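Now for the letters of each chain:
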Amino acid sequence: MSQVSIFGQREQGQDVRTQNILAVVALSNIVKTSLGPQGLDKMLVDDIGDVTITNDGATILKQLEVTHPAAKVLVELSQIQDREVGDGTTSVVILAAELLKRGNELIKNNIHATSVMAGYRLALKESVKFISSSLSVKTDSLGREALINAAKTSMSSKILNAESDFFAELAVKAMQNVKTVNYQGQAKYPVRAIHILKTHGMSSKESTLVDGYAIQATRSAQGMPTSMTGAKIACVDFNLNKYRLAMGIQVLVQDPEALDKIRQAEMDVCKQRCQKIIASGANVVLCSRGIDDFALKYFVEAGVIAIRRVPKSDLKRIANNTGAKIVVSLADIDGEESYEPECLGTCERVYEKRVGDWEYLFFEGMSQTRAQTIILRGANDFFLDEVERSLHDSLCVIKRVLESNSVVAGGGSVEVALSVYLDDFARTLGSREQLAVAEFSEALQIIPKVLAMNAAKDATELLAKLRVYHNAAQKSDTSDEKKQALKYSGLELTHGKVRNNLTHGVIEPAMSKVKSMKFATEAAITILRIDDMIRLAAPQQQ
Amino acid sequence: MSQAPVYILNKNAKREQGKKAQGANIKAARAVSDIVRTTLGPKSMLKMLLDPMGGIVLTNDGNAILREIDVQHPAAKSMIELARAQDEEVGDGTTSVIILAGEVLSAVESFLEKDIHPTVIVNAYFRALEEIVNITNKIGISIDLEKDDDITKIVKSTIGTKFASKWGSLIVDLAVKAVRTVYRKDKAGNVEIDVKRYAKIEKIPGGVLEDCEVLNGVMFNKDVTHPNMRRVIKNPRVVLLDCPLEYKKGESMTNMEFTKEEDFRKALEMEETEVMRMCEHILRVKPDIVITEKGVSDVAQHFLLKKGNVSCIRRLRKTDNNRVSRVTGATVVNRPEELQESDVGTDCGLFEVKKLGDDYFSFMTECKNPSACSILLRGASKDVLNEIERNLHDAMGVARNVLNNPKLVPGGGALEMELACRLNEMSLKVEGVHQWPYKALASALEVIPRTLAQNCGGDVVRMLTELRSKHSASDGSGFMWGINGNSAKIENMETQNIWDPCSVKLQTYKTAIESACMLLRIDDIVSGIQ
C-alpha cells in the first residue's frame, strides 16, 4: 500500500487535539494572573527592546508573538473581543481554554466531537436566554450611578484602580457628552469621538477632560494670535506652496521676459489662494500639507491662525465636528478658483495652550458634535499607554451600558448562576449532550475560581458558598424577594467574602458577558473540530 | 504519547514570573538610583561619561547622566523615562525623582516576601500620595512675584547644588533676568513663559565666567556679508526677510533653449535686474540692516551697500530671526515688494559686530522692552560650558515654575522629613494591612535627607535622629529644619534661605510614586530580545 506523501509533517486524531489543547491552556495560563481586581500586570519587551506594561489581555497576547497555530486562534479571539466589546479580553481566553480542556476529556472518553460541540451550543443558547430573562437588570432603575459603577468595575483590575472614582467620573462625563442621535432616532455613543491625548508629567489626577477637540500642533508663525473666539475654520487639503506644474509639463517660451512672468505667476497663484480663503471669512486655517513661508505672511497680516501639516485623520475629524468641508481644490464649476464660505466650519473658541513641554491647539464648542478630549498626565510613557488602554476599555463598557441599557452583577456572579442553572438543565436532557452541557457548566466556574486564586483566597470554599446562594435563589419562589436577591451574589475579593454585587456596584454590561461567552464557545468549537494538522515544510531555497 | 515539545511562544522569548520578576524590577530600579545617588545636594560629585560617539559629558544633572546610559532591563528603562518626564515638566529635581522612586520600590521588598498583595501596597501608596500633596500645599509659602530678591533667593538654592554655584549668584541672576525678559502676560491674564523659544543660550569658549551676561537684546553667530559694510550702527532700522536676495528659479520645470546669442545675454540681464528690483524695494524703506534667512547674492550685496549703505546678514536661522523680530519690533517679510513702513523694526538701540574668540558675532542690544534675549556664556572649555548651560537650564526651569506657581517649600530635606513624620502619625489611623506600606512610604521619604547627609559627609545617624526629633515636635514648629549641605549641620531653612519651588517637589513625589506603583503591579516579564 503506497502512502500519499506530503512535504512536511502530518499529525492526526487525538495527538493533534491534545497538542492544540496543551498550547491553548499554556496561553491561558499566561494571562490568567491578570484577571480581576487583584490581578497583576505583565511587562513585555519586544525584539527591539520597546517595553509595554499592561493588564489588558488582548494587548498581552498581541505582543507575545505566539507561534502555535491553535494558540493563534485564541489570540485572534481576544482581538475580536477587544474590537467588538472592548473589555473582557482576558476572561474570554480563560473561558475558551477551559471549555477546550473539558471538551478534550470527553472526547478521550469516546464521545464524538460533534456531540460535544452540539452540547456546547445548546448550553450557550440556554445561558444567553437565562441571562436576558433573569440575570440582567435594566439600567433605568439604577441611573447614572450604574454608569459610574460599570466604569469602576472595568478599571478595578487595572492600574487606575486606586484612582477609579476620579477616572470613572471623567469617562462617564465624556461619554455622555458625545451622545448623538442617528436618523433612526437611536442614541449612539461613538467611542471614537473621544480623543485621548497623552502628555507625560504631573500626576494621573491632573488628567483633564476638555470639551472639544485638541491636536498637537502649534501655529505656523509666531506672529499669529494664540486664541480666537467665534472661529471660522477652513480645512484645506492642498499645498499652499508656490504653484508648480505637474511633472512632465514643459512650458516653452519664446521671450525670456516671459520666464520671469512665470515665476511671478507661481507666487501670485498661491497668494490669490490664500487671499480667497481669507476673504471667505476664515480665521483658522488647517492645512494637511505644507504652507510656504511667504504665504504665512498673508495669514499673519489678516490675524488668522494657520497650521500646516495637520494629520489627515485629525483634519477629517475636525471637519466632521465643526461642519467644515475639506477642500481638495479651489476650482469651481466655472473653471475659476473660489473658496465658498459654506465650506467653513464654526467653533466657539480655538486657542493654543502649552501642556507639559508641548503645544496643543484646542477647539472648544464645535458646532456639530461635541467631541471630547481627555488629556492624560502621568509619570512616564509606559504608564500613559496603559492608562489609555484601561480608559478605552472603560469607555467601551460605558457605551455598552448606555446602548444596551442592561447590566449584570460582576465578580463571578453570572458565571456561577449559569453554572447552577445549567447543571439542573443538563439533568433534563436525555441525550449525549447532557455530558457536554454539564462540562460547560463546570467550565464556567473557572472565572470565579481564577478571581479568587489571584486574590490568594480559598477558591473552593468561596465557590461552594456562591453556588449555595445561587441555588437558593433559583429554587426559591419568585415572590420571596430576599432569596431572589441572592442571584446577584458575587465575590468580594479584598476580604474574601460573598456579597450582593449589584448593590455594591460591581456591574458589567450584560451584552459584553453574552458576547464573550459566544466568542469563547465559537473558538472552542473551532479548535475542537480539528483532527488533522498538516504543516508544510518551507520550500527549499535554491 | 511521546512527541516533540509544543512551542507556543517564540523560541527566543525569555520569561520571568512572579516573585522573580518583582525582585528583578526592584533590583533594576535600585541599581539606577544608585548611579545618581552621589549627585544629590550641594556637596555632590560630578559624573564623567563617555558617550558612544567618543565625546565626554561632565555633569551632575540626573537627566543628563541617565540619558547617556544604555540600559538593558525594561524596568530600568522605565526609571530613566522618569527623569526625562521630570526634566520636561519642571526642569529640576531629576536626581531626587530617581532616588525617591528607587527607595519607594525597595521599601516594599519585605512586604512582598511577607506575601502582602501588590495591589494592597499600590492602594496604600496612592492614598499616601494624596496626603503628601495636601500637606505640601499646606506648608507652601506664597511669595511676592514683584520682588526680584525673593525669586533670586529660591533660584539660588536650587543652583546651590550645581557646579555653577562656585560663582555665587552669577548664574542665578542670569536665569532670573532671562525669565523676566520673556515673561509675558496677555489680556486674558494667561502667563506665557517660553524659555525654549525666546531665551537662547550661546556658548562661546574662551574668556572668563564673569563675562557671562543676559543681553538686552539678541546675538547670533553671523557677520555682515561684505567687508565694507558698517559694523556699528546706532538706532538701526531693521528689515527682516525670509526670502533669498538672489535670482531664484521658479518651481515649475523650466528649460531654456536659446536660438540667438542675444537672448542669452538678455536672460542673464534679466536675472540681474530682478535682483536689483528686489533691492530697490528694500531701499525704499531706508533700512540700515537687512537680515534674511536665505542667501544674498554678490550683486545684491554690492547694490545695497552702494545705494543705501546697508549692512546685510544672510542665512540666519528661523528661530533666531523670530527672536530678532521680537526685540526689534520688525515683521518678517517674504516679498520685498510688499515691504511697508510698519514692517521696519526700530526698537534696537545698537547693532555691532564683535569678534569673540575666533568668530564674529552680531549683537543687537540696548533694545526698548525686549521680549526675547540671548544669554551669553563664556568659560574655559566646552565641557564646562555645557555643564553651565545645563545648570542654567535648570535654573530657568525653576524661575519659570516660581513665576507660574509662586509657592515655596523649605529645601534641604526639611519637607521630606516633615512629610515622613506627618505620614507616620497618620498611618496609625489607617485600618488593615494598608497600614504597613503607608508607613513604609513615610520612611522611604527620609531617603532624601539621608542621602544629603551622606553626600555632605556628616554623621548620618545622628543628623537624621536629630532632624526627626525636631520635626516630630508636637507643636509643629520644627517644619523648617533641614540639613544644610554646606556646613553638614541641622539648621533652620528659613533663616538659611534654602528653598525649593512647590511645583518641583510635588511633581517629584507624583512621578516617583506613580511609576513605582506601575512597576509593582508587574508579575510577568516576557522579553523577545534575541
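As the structure is a prediction and not an experimental result, all values here were calculated from the model. (Residues numbered from 1 in each chain as written. Chains lettered and ligands numbered in written order. Predicted model: local features only at pLDDT ≥ 70, side-chain atom pairs only at ≥ 80, totals over all residues. Heavy atoms only, no water.)

1. Here we look at the overall build of chain B
Alright, step 1. Regarding its fold elements, chain B presents 19 helices and 22 strands.
Alright, step 2. For the C-alpha atoms alone, the extent of chain B along its principal axes is close to 95 × 80 × 45 Å.
Alright, step 3. The buried share of chain B, taken over its 530 residues, is 58%.
Alright, step 4. Considering only intrachain contacts with a sequence separation of at least 6, the fraction spanning at least 24 residues in chain B is 74%.
Alright, step 5. As displayed, chain B offers around 22,400 Å² of accessible surface, 49% of which is attributable to carbon and sulfur atoms.
Alright, step 6. Taken as two groups, the 72 positive and 74 negative side-chain charges of chain B have centres that lie 1 Å from each other. (Helix = DSSP H or I, 4+ residues; strand = E, 2+ residues; numbered from the N terminus. Buried < 20%, exposed > 50% of the residue type's maximum accessible area, 1.4 Å probe, protein only. Contact = heavy atoms within 4.5 Å. Areas by Shrake-Rupley, 256 points an atom, 1.4 Å probe, with all protein chains shown as cover. Lys, Arg positive; Asp, Glu negative; His and termini not counted. Charge placed at Lys NZ, Arg CZ, Asp CG, Glu CD.)

2. Concerning the overall build of chain A
Alright, step 1. Looking only at helices and strands, chain A features 17 helices and 20 strands.
Alright, step 2. Dimensions along the principal axes, computed over C-alpha positions, put chain A at roughly 95 × 70 × 45 Å.
Alright, step 3. Out of the 542 residues belonging to chain A, those deemed buried represent 56%.
Alright, step 4. Taking the intrachain contacts of chain A between residues at least 6 apart in sequence as the baseline, contacts between residues at least 24 apart amount to 74%.
Alright, step 5. When the accessible surface of chain A is summed, it comes to about 23,100 Å², and 50% of that surface belongs to carbon and sulfur atoms.
Alright, step 6. With 65 positive and 65 negative side-chain charges, chain A shows a spacing of 3 Å between the two charge centroids.

3. Concerning the packing of aromatic side chains
Alright, step 1. Tallied over the entire structure, the rule returns five aromatic pairs over all chains.
Alright, step 2. Ring geometry for A:Y360 against A:F362: centres 6.5 Å apart, planes inclined by 55°, an arrangement best described as tilted. For the pair A:Y360 and A:F362, one class covers both residues: buried.
Alright, step 3. The ring centre of B:F363 lies 4.6 Å from the NZ or CZ of B:K354, which sits over that ring. (Phe/Tyr/Trp six-rings, centres within 6.5 Å; stacked < 30°, edge-to-face > 60°. Lys NZ or Arg CZ within 6 Å of the ring centre and 35° of its normal.)

4. Looking at the interface of chain A and chain B
Alright, step 1. Taken together, the contact pairs 81 residues of chain A with 74 residues of chain B.
Alright, step 2. In total, chain A and chain B occlude about 7,000 Å² of area from one another, counting both sides; carbon and sulfur atoms represent 52% of this.
Alright, step 3. Counting the surface chain A buries against chain B, the share from its top three residues, A:L40, A:M43 and A:R263, is 10%.
Alright, step 4. There are six salt bridges connecting chain A and chain B.
Alright, step 5. Where B:K510 meets A:E206, a salt bridge forms, and the shortest distance between an N and an O atom there is 2.6 Å.
Alright, step 6. Our count for the contact surface shared by chain A and chain B stands at 17 residue pairs in polar contact (both at pLDDT 80 or more).
Alright, step 7. Looking at the side of chain A that touches chain B, the elements that each hand over two or more residues are α1 (13-32), β2 (41-45), β3 (51-54), α8 (256-279), α9 (293-302), β14 (358-366), β15 (372-378) and α11 (381-404) of chain A.
Alright, step 8. At ten residues, α8(A) tops the list of elements feeding residues into the side of chain A that touches chain B.
Alright, step 9. Of the residues assigned to the side of chain A that touches chain B, the class counts are 30 nonpolar, 24 polar and 27 charged.
Alright, step 10. Two elements, β2(A) and strand β22 (residues 522-527) of chain B, share five bridges in a ladder whose sense is parallel. Bridge assignment links A:D41 to a residue of β22(B), and that residue is B:I522. (Buried area = accessible area lost by both parts, 1.4 Å probe. Salt bridge = Lys/Arg side-chain N within 4 Å of Asp/Glu carboxyl O. Polar contact = N/O pair within 3.5 Å; in protein donor to acceptor, adjacent residues only side chain to side chain. Nonpolar A, V, L, I, M, F, W, Y, C, P; charged D, E, K, R; others polar. Pairing = 2+ DSSP bridges.)

5. Overview of the pairing of strand β7 (residues 194-200) of chain A
Residue and element names in this part refer to chain A.
Alright, step 1. The buried fraction of β7 amounts to six of the seven residues, a majority that puts the element mostly inside the structure.
Alright, step 2. Note: β7 against β15, seven bridges, orientation parallel. Residue H195 lies in a different strand from β15, and its bridge partner there is T373.

6. Notes on the pattern of salt bridges
Alright, step 1. Going through the model one piece at a time under the given rule, you end up with 54 salt bridges over all chains.
Alright, step 2. As a salt-bridge pair, B:D524 and B:R15 come within 2.7 Å of each other at their nearest N and O atoms. Residue B:D524 is found in strand β22, and its partner B:R15 is found in strand β1 (residues 14-17); the two are separated by 509 residues along the sequence.
Alright, step 3. Of the residues examined, B:D524 reaches a relative accessible area of 2% and is grouped as buried.
Alright, step 4. The partly exposed category is assigned to B:R15, whose relative accessible area is 31%.
Alright, step 5. Shared partners join several salt bridges into a network, and the residues in it are A:K42, B:R15, B:D523 and B:D524.

7. Considerations on the domain arrangement of chain B
Alright, step 1. Structurally, chain B comprises domain 1 (15-142 + 409-526) and domain 2 (218-369).
Alright, step 2. Between domain 1 of chain B and domain 2 of chain B, the C-alpha centre-to-centre distance is 54 Å. (Domains from an automatic or database assignment.)

8. Some details on unusual backbone geometry
One can expect most non-glycine residues to show negative phi and most peptide bonds to be in trans.
Residues and elements named next belong to chain A.
Alright, step 1. Despite not being glycine, N110 shows a phi value in the positive range, around 65°.
Alright, step 2. Looking at where N110 falls in the secondary structure, it is placed in the loop between α4 (89-108) and α5 (113-135).
Alright, step 3. Judged by relative accessible area, which is 74%, N110 ranks as exposed.

9. Observations concerning the side chain of A:H470
Residues and elements named next belong to chain A.
Alright, step 1. Examined against the element boundaries, H470 turns out to sit in helix α15 (residues 459-475).
Alright, step 2. Using a relative accessible area of 0% as the deciding quantity, one classes H470 as buried.
Alright, step 3. Setting aside its immediate chain neighbours within four residues, H470 contacts S413, V416, A417, V420, L486, K487, Y488 and S489.

10. Overview of the pairing of strand β17 (residues 373-379) of chain B
Residues and elements named next belong to chain B.
Alright, step 1. A large share of β17 lies buried, amounting to seven of its seven residues.
Alright, step 2. One ladder, built from seven bridges, connects strand β7 (residues 199-205) with β17; its direction is parallel. Residue pairing for β17: K200 is matched across the bridge by S374.
Alright, step 3. Relative to β17, strand β8 (residues 213-214) runs antiparallel, the two sharing two bridges. Across the sheet, the residue bridging to E213 is L376, located in β17.

11. Comments concerning the environment of A:F238
All names here are of chain A.
Alright, step 1. When you line up the elements, F238 lands in the loop between β9 (227-236) and α8.
Alright, step 2. Along the backbone, F238 and V328 are 90 residues apart, and their C-alpha atoms lie at a distance of 5.9 Å.
Alright, step 3. Apart from residues no more than four positions distant in its own chain, F238 is found in contact with R273, C287, R289, V327, V328, S329 and L330.

12. With respect to the sheet that holds β17(B)
All names here are of chain B.
Alright, step 1. The mixed open sheet is built from three strands, whose spatial order is β7-β17-β8. Strands with a single pairing partner mark the edges of an open sheet, and in this sheet they are β7 and β8.
Alright, step 2. Docked against the sheet, helix α8 (residues 170-182) engages β7, β8 and β17, running at close to 165° with respect to β17. (Axes fitted to C-alpha atoms, helices over the stretch in contact; angles between N-to-C directions.)

13. Points about the sheet that holds strand β13 (residues 311-313) of chain B
Residues and elements named next belong to chain B.
Alright, step 1. One open sheet accounts for four strands, arranged β13-β12-β11-β14; its pairing is parallel. Looking at the sheet topology across the chains shown, the edges are occupied by β13 and β14 (332-333).
Alright, step 2. Where strand β11 (residues 238-241) and strand β12 (residues 289-292) come together, four bridges link them in parallel fashion. Note that in β12 the partner of L241 across the bridge is T292.
Alright, step 3. Taken strand by strand, helix α12 (residues 318-328) contacts β11, β12 and β14, and its axis lies near 150° from that of β11.

14. With respect to the environment of B:N12
Residue and element names in this part refer to chain B.
Alright, step 1. Of note, N12 is situated in the segment before β1.
Alright, step 2. Residue N12 is classed as partly exposed on the basis of its relative accessible area of 39%.
Alright, step 3. Separated by 516 residues in the primary sequence, N12 and G528 have C-alpha atoms spaced 6.0 Å apart.

15. Examining the nonpolar core
Generally speaking, a soluble globular protein has its nonpolar side chains buried in company with each other.
Alright, step 1. Counting residues in hydrophobic clusters, the biggest one holds 112 residues, and the most contacted among them are A:L391, B:I98 and B:Y125.
Alright, step 2. Discounting chain neighbours no more than four positions away, the residues touching B:Y125 are B:V104, B:A107, B:V108, B:P437, B:L441, B:I513, B:C517 and B:L520.
Alright, step 3. Among the nonpolar cores identified, the runner-up in size contains 82 residues, and B:I171, B:I201, B:V344 and B:C373 belong to it. (Core = buried A, V, L, I, M, F, W, Y, C linked by side-chain atoms within 4.5 Å.)

16. Some thoughts on a nonpolar patch on the surface
Alright, step 1. On the surface, B:M256, B:F258, B:F264 and B:L268 cluster together to form a nonpolar patch covering roughly 360 Å² of accessible area.
Alright, step 2. Among the structural elements, B:L268 can be located in helix α10 (residues 261-283). (Patch = residues over 30% accessible without salt bridge, like charges linked within 9 Å, V, L, I, M, F, W, Y side chains within 5 Å.)

17. Notes on helix α14 (residues 446-454) of chain A
Residues and elements named next belong to chain A.
Alright, step 1. Taking burial as the measure, the nine residues of α14 include seven buried ones, the bulk of the element.
Alright, step 2. Residues I446, I447, P448, V450, L451, A452 and N454 constitute the buried set of α14.
Alright, step 3. Where α14 is buried, its residues touch α1, α4, α12 (413-426), α13 (433-444), α15 and β17 (489-492).
Alright, step 4. Looking one or two residues beyond α14, the residue adopting positive phi is A456, at roughly 60°.

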